[in-house]
Amino acid sequence: MPKAVGIDLGTTNSVVAVMEGGKPTVIPNAEGSRLTPSVVAFTRTGERLVGQLAKRQAVLNPENTIYSAKRFIGRRYSEVQEEIKNVPFKVVAGPNDAVRFEIMGKLYAPEEISAQVLRKLADDATKYLGEKVNDAVITVPAYFNDAQRQATKDAGKIAGLNVLRIINEPTAAALSYGLDKKKNETVLVFDLGGGTFDVSILDVGDGVFEVKSTAGDTHLGGDDFDKRIVDWVADEFKRDNGIDLRKDRQALQRLIEAAEKAKIELSGTMETTISLPFITADATGPKHLEMRLTRAKFEQLTADLVERCVGPFKQAVGDAKLSERDIDEVILVGGATRMPSIQTLVRRLTGGKEPNQSVNPDEVVAIGAAIQAGVLAGEVKDVVLLDVTPLSMGLETLGGVMTKLVDRNTTIPVRRSEVFSTADDNQTAVDVHVLQGERPVARDNRTLGHFRLEGIRPAPRGVPQVEVTFDIDANGILTATARDKDTGKEQKITITGSTQLPKEEIDRMVRDSEMHADEDRRRKEEIEARNNADSMGHQVERQLRELGDRAPANERARAEQMINQVRELVRTQSTDINQLRQLTNDLQQILYGLAGAASQAPQPETQKTGTGGPDDVIDADFRKAG
Amino acid sequence: MAEKTIETLEQDLKTEHAMYLRALADFDNYRRRIDRDRAKFGTEALRDFMSELLDVVDDLERFLNSVGEEASPLIDGVRFVHQKLLSLLEKEGVRPFESVGKPFDPSLHEVISTVAAKDTAEGTVVREARHGYKFKGDILRPARVVVAR
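Because the structure is a prediction, the values reported are computed rather than measured. (Residues numbered from 1 in each chain as written. Chains lettered and ligands numbered in written order. Predicted model: local features only at pLDDT ≥ 70, side-chain atom pairs only at ≥ 80, totals over all residues. Heavy atoms only, no water.)

### Some details on the overall build of chain A
In terms of helices and strands, chain A carries 16 helices and 27 strands. The C-alpha atoms of chain A give 35 Å as radius of gyration, which overshoots the globular expectation for 626 residues (25 Å, by more than 25%). C-alpha atoms of chain A, sized along the principal axes, occupy 110 × 65 × 55 Å. Of all 626 residues assigned to chain A, the portion counted as buried reaches 52%. Considering only contacts within chain A whose residues lie at least 6 apart along the sequence, 64% involve residues at least 24 apart. Surface exposure of chain A reaches about 28800 Å², of which carbon and sulfur atoms provide 47%. Of note, chain A has its 83 positive side-chain charges centred 2 Å away from the centre of its 96 negative side-chain charges. (Helix = DSSP H or I, 4+ residues; strand = E, 2+ residues; numbered from the N terminus. Rg over C-alpha atoms; globule rule 2.2 N^0.38 Å. Buried < 20%, exposed > 50% of the residue type's maximum accessible area, 1.4 Å probe, protein only. Contact = heavy atoms within 4.5 Å. Areas by Shrake-Rupley, 256 points an atom, 1.4 Å probe, with all protein chains shown as cover. Lys, Arg positive; Asp, Glu negative; His and termini not counted. Charge placed at Lys NZ, Arg CZ, Asp CG, Glu CD.)

Quick look at the structure:
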């Protein structure tokens, strides 16, 4: 089935994402990268290169390597005079003052260039998914006029795509956070990319989006921050060594890379080292660059760039006829918003609002576009958006532990079964105590229900097989069934509303389990130690019974004494794990010894023991009937 | 009346069944992709680490270039360290590839500058500023080259 994708056609880089099973995913390109440079090159041998490959030969072929086509698309030649100054390729006027790139004697419209990028994204996506990609939602800046939007749509058509819709980048960002599903809110989208800065104020909610205002700086981005580091390092080096590294292509390239790396590191650490051994050489020998850059110094070097974000912000708020206090949600877009200085600024400007950044800021626009594509292509309609169980579900077993049957965050509908058994000899009924929660001790969780299955044939503990099945349907209704595999008897209980707990309650229960994780683990260990000791005691007892007189007297005496000890410890709910484990080991030794004695005489069929059975049989503490 | 209901139900059943099959198919495709991705993922993390390590190999080579043919126990020692590093990388499938003298290929090379070279064909790699490396046959890091104009 043809897939619909969302494409963030950016000035510097583009991203493509798709909806799969109701969830958006970014698709890597053929080179394995999630970002594709928006660069197209025409080589002298007649080849057309797109993306990273085009970038690699830019220095060789600057007049025929087109980048930032987005700055020209849908605009008139007379409007872009400033932009032309910044690029090495030839820009000329076409019919009706249209913009054309002159490449090796031929004229290309910006839409044709962007179409190459779109084509590569679609082809790579097709290859990755193994399905044809045909339909797309493409994003544009909120300030794009009709001509620019139409030209972008045309680019899609030229690329052979069916453009479902052109949507605004800030709108896409809001979509990816699901803000359209909430009640009406004022959303600020703060987009600081590689080379451009855009601020938008949106009115979002109940499926409706309205752009109230936009502002920005078309030449402010993360690249400017890199450049500050490069200049500072080069100036320091020049002062110390008399050499300007910027004049040496190779040194400059290393420096630029190191500067970008340093900037990224400083978003996580307070200082970093720029290490470039053998960066250059002069008559006195090789020269090295080793410099420490602190976050404080970096922020000082870039403070004015951060301040440049304030003007557009205030303008956008003003144009929307609002004040900072009216902003309900803030969304960060663009890799540069990872910088702490930018986040601090945003908080300062919005009166302390915590921005939304859980979605990767480089990908949030593409993801929103993919969500929109999914809706428009009817995929979201066809795919049932599935729920999950917010908390684990299980039952109470021997010793008061909770044995989970369905883990938390399992997609529903789901069915899980396990086989349990009895805890005591001749137990003829089992009580199924259905629980919900994350803590290992049954008592600490929420009881969903109780029911009992009777009529189990008397047998030693651990022998009967009771299959317990939890079946949760798409609406979250749980049906718990217990079936005696021997008699075929069955009992069940239906519980509704178990997946509809309020979010605070769910969060609290999960938090509790995390807070008590250590002590819970300890308690579980204690319970297991008691269970194991008890079980071992039973086995030895059984073996003694079978052997009767054949059991050596001193062994019997010793065993009985230990069994009594275990009984006492279990009765008093002893938490002495070491003693319990020691007794378990000792009893096991006795068991081996007795088994040796037993094998020396004809013996009746050995009973199947409780522990050491098939993996999925757990001793269950089902209370006795009556 | 009942006829109509049966018809509607049959239609619904057909639709539901189709959706079910589609879900199964999507799941199957997804699972196959996950398997494919999982095999790649381990390699992905390794690739990132290898790339960073190559920067350090570069630095060692810069040192060796700056001492040229000079010999001394100290320099020899560094030469051995460099060799050891290259052997380790080779064992993992990381190998440098030759670029000088070859025609420029953007899938293998990144142009850092151009030079006028009278006796070399235009577009030929004249010098390497940084070695290129492949990882199990796939390009790991393009070579940074100077190309003849």
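There is more to say, and it comes next.
### Some points on the domain arrangement of chain B
All names here are of chain B. By domain assignment, chain B separates into domain 1 (1-92) and domain 2 (94-149). The straight-line distance from the C-alpha centre of domain 1 to that of domain 2 is 25 Å. Tallying the contact residues gives 14 residues for domain 1 and eleven residues for domain 2. Carbon and sulfur atoms make up 55% of the surface buried where domain 1 meets domain 2, a total of about 1100 Å² over both sides. The largest share of the area that domain 1 buries against domain 2 comes from Arg 47, Leu 54 and Glu 90, three residues that together contribute 42% of it. Taken together, domain 1 and domain 2 are joined by three salt bridges. Here Arg 95 and Glu 90 are joined by a salt bridge, their closest N and O atoms 3.8 Å apart. At the boundary of domain 1 with domain 2, the tally comes to four residue pairs in polar contact (both at pLDDT 80 or more). (Domains from an automatic or database assignment. Buried area = accessible area lost by both parts, 1.4 Å probe. Salt bridge = Lys/Arg side-chain N within 4 Å of Asp/Glu carboxyl O. Polar contact = N/O pair within 3.5 Å; in protein donor to acceptor, adjacent residues only side chain to side chain.)

### Remarks on the sheet that holds strand 6 (residues 48-50) of chain A
Residue and element names in this part refer to chain A. The sheet built from three strands is open, its strands ordered 6-5-7 with antiparallel pairing. The open sheet is flanked by strand 6 and strand 7 (65-67), the only strands paired with a single partner. Adjacent strand axes in the sheet meet at a mean angle of 15°, parallel and antiparallel pairs treated alike. Note: strand 5 (residues 39-42) against strand 6, three bridges, orientation antiparallel. Across the sheet, Val 40 pairs through a bridge with Val 50, a residue of strand 6. Helix-sheet contacts for helix 3 (residues 110-129) involve strand 5, strand 6 and strand 7, and the interaxial angle to strand 5 is about 110°. (Pairing = 2+ DSSP bridges. Axes fitted to C-alpha atoms, helices over the stretch in contact; angles between N-to-C directions.)

### Re the interface of chain A and chain B
Listed by partner, the interface residues are 22 residues for chain A and 29 residues for chain B. Across the chain A to chain B interface the summed buried area is about 2400 Å²; carbon plus sulfur atoms make up 52%. At the junction of chain A with chain B, the criterion picks out four salt bridges. For the salt bridge of Asp 59 of chain B with Arg 254 of chain A, the shortest nitrogen-to-oxygen distance reads 3.3 Å. Along the contact surface separating chain A from chain B lie seven residue pairs in polar contact (both at pLDDT 80 or more).

### Here we look at the environment of Leu 54 of chain B
All names here are of chain B. Position of Leu 54 among the secondary structure elements: in helix 1 (residues 2-67). For Leu 54, a relative accessible area of 0% puts it in the buried group. As a C-alpha pair, Leu 54 and Leu 140 span 86 residues in sequence and 10.0 Å in three-dimensional space. Setting aside its immediate chain neighbours within four residues, Leu 54 contacts Leu 89, Tyr 133, Leu 140 and Arg 141.

### Things to note about helix 3 of chain A
Because the α-helix completes a turn every 3.6 residues, residues three or four places apart line up on one side. Residue and element names in this part refer to chain A. The first and last C-alpha atoms of helix 3 sit 29 Å apart over 20 residues, in line with the 28 Å expected at 1.5 Å per residue. Of all 20 residues in helix 3, 16 are buried, a share of seventy percent or more. Directly beyond the C-terminal end of helix 3, a positive phi value near 75° is found at Gly 130. (Expected span 1.5 Å × (residues − 1).)

### Overview of the pairing of strand 4 (residues 132-135) of chain B
Residues and elements named next belong to chain B. Relative to strand 4, strand 1 (residues 94-97) runs antiparallel, the two sharing four bridges. Looking across to strand 4, one finds that Phe 97 is bridged to Gly 132. Bridge analysis of strand 4 against strand 5 (residues 138-141) gives three bridges, and the strand direction is antiparallel. Residue pairing across strands places Phe 135 opposite Asp 138, the latter belonging to strand 5. Counting the residues in the hairpin turn of strand 4 and strand 5 gives two residues, including Lys 136, whose phi is positive at 50°.

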